[in-house]
Amino acid sequence: MVPDVEREKRLAAEAAAALAEDGMRVGLGTGSTAGHFLVALAARGLDLRCVPTSPTTERAARELGLRLEPFGADLVRVDLAVDGADQVAPDGWVVKGNGGAHTREKIVAAAADRFVVIASSDKLVERVVPPVPLELLAFGATATLALLERARLRDAPPTPDGGLLADWLDPVADPAALAALLDATPGVVGHGLFAPALVSEILVGRGEVVDRVVRVAV
Ligand code: A5P
């Protein structure tokens, strides 16, 4: 049976919104699943301070009446961050960035005491596969691409931070090894491989229920 993807996204988003408590600082992800989370979070009417991960999320959150604060010296950590995913693998690796916001999303996830990934069941994969989203510094992007032979620029506007979007297209035999390679390549500003250690919890809408995988830090 074909899953009702929007319903599954909404169920996962509502389960994540239930984790928010009055007074929390909350990181707001980007994408359609995160969009459901914004609606569910706003509906709770809590007193929150929120950090958006993209201009799109910022606009949507503002329209829903969520209080936004600059991600600066007065707010360097968040209690909870919630975001969607493009791929969720059983070994805990998550791929993000189809919408191009992965660099900001990872910064906010890394600043979160609890980073919760929400997804519909169609995002579950047996193993990470390409494309893996990249953001490149515009300066020297051709040279950076030459180092990453199997990456291609995306036909997309620059990110809000001036970065160029690209995708790694080779098979991903070992996500940790690829993440290390990308982290070590000058000119790569960010990539969409989110390591298991970054993810506290994964909420997957599956039919009428939400499966919860709580990750134990190792
Ligand atoms: C944004 O850049 C992405 O990381 C999204 O979070 C991811 O692509 C999931 O998007 P959807 O919820 O729209 O599938």
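1. Description of the site of the ligand
Okay, so step 1: Surrounding the ligand, one finds 17 residues, the nearest of these being S32, T33, D86, E105 and K123.
Okay, so step 2: In the environment of the ligand, an oxygen atom lies 2.7 Å from a nitrogen or oxygen atom belonging to the backbone of T30.
Okay, so step 3: Measuring from an oxygen atom of the ligand, one finds a side-chain N or O atom of T33 at 2.6 Å.
Okay, so step 4: Listing elements by their share of the shell around the ligand, those giving two or more residues are α2 (32-43) and α4 (102-110).

2. So, a nonpolar patch on the surface
Okay, so step 1: On the surface, L137, F139 and V189 cluster together to form a nonpolar patch covering roughly 330 Å² of accessible area.
Okay, so step 2: According to the relative accessible area criterion, V189 is partly exposed, its value standing at 39%.

3. Details of the sheet that holds strand β4 (residues 87-88)
Okay, so step 1: Reading across the sheet, the three strands line up as β4-β5-β11 and stay open at both edges, with antiparallel pairing between neighbours. The open sheet terminates on both sides in strands that have one partner only, identified here as β4 and β11 (193-194).
Okay, so step 2: When β4 meets strand β5 (residues 94-95), the two strands line up antiparallel, connected through two bridges. Each residue of the ladder has a partner; that of V88, found in β5, is V94.

4. Digging into the pattern of salt bridges
Okay, so step 1: Summed over the entire model, instances satisfying the criterion amount to 17 salt bridges.
Okay, so step 2: Residue R67 pairs with E69 through a salt bridge whose shortest N-O separation is 3.2 Å.
Okay, so step 3: Using a relative accessible area of 39% as the deciding quantity, one classes R67 as partly exposed.
Okay, so step 4: The closest approach of N and O atoms between R150 and D170, which form a salt bridge, is 2.7 Å. Here the residue R150 occupies a position in the loop between α5 (141-147) and β8 (151-153), and D170 occupies one in the loop between β9 (164-168) and α6 (175-183), the gap between them amounting to 20 residues.
Okay, so step 5: You can call R150 partly exposed: its relative accessible area is 35%.
Okay, so step 6: Within this structure, D47, R49, R67 and E69 form a network of salt bridges that share partners.

About the thresholds
Residues numbered from 1 in each chain as written. Predicted model: local features only at pLDDT ≥ 70, side-chain atom pairs only at ≥ 80, totals over all residues. Heavy atoms only, no water. Near = heavy atom within 4 Å. Polar contact = N/O pair within 3.5 Å; in protein donor to acceptor, adjacent residues only side chain to side chain. Helix = DSSP H or I, 4+ residues; strand = E, 2+ residues; numbered from the N terminus. Patch = residues over 30% accessible without salt bridge, like charges linked within 9 Å, V, L, I, M, F, W, Y side chains within 5 Å. Areas by Shrake-Rupley, 256 points an atom, 1.4 Å probe, with all protein chains shown as cover. Salt bridge = Lys/Arg side-chain N within 4 Å of Asp/Glu carboxyl O. Buried < 20%, exposed > 50% of the residue type's maximum accessible area, 1.4 Å probe, protein only. Pairing = 2+ DSSP bridges.

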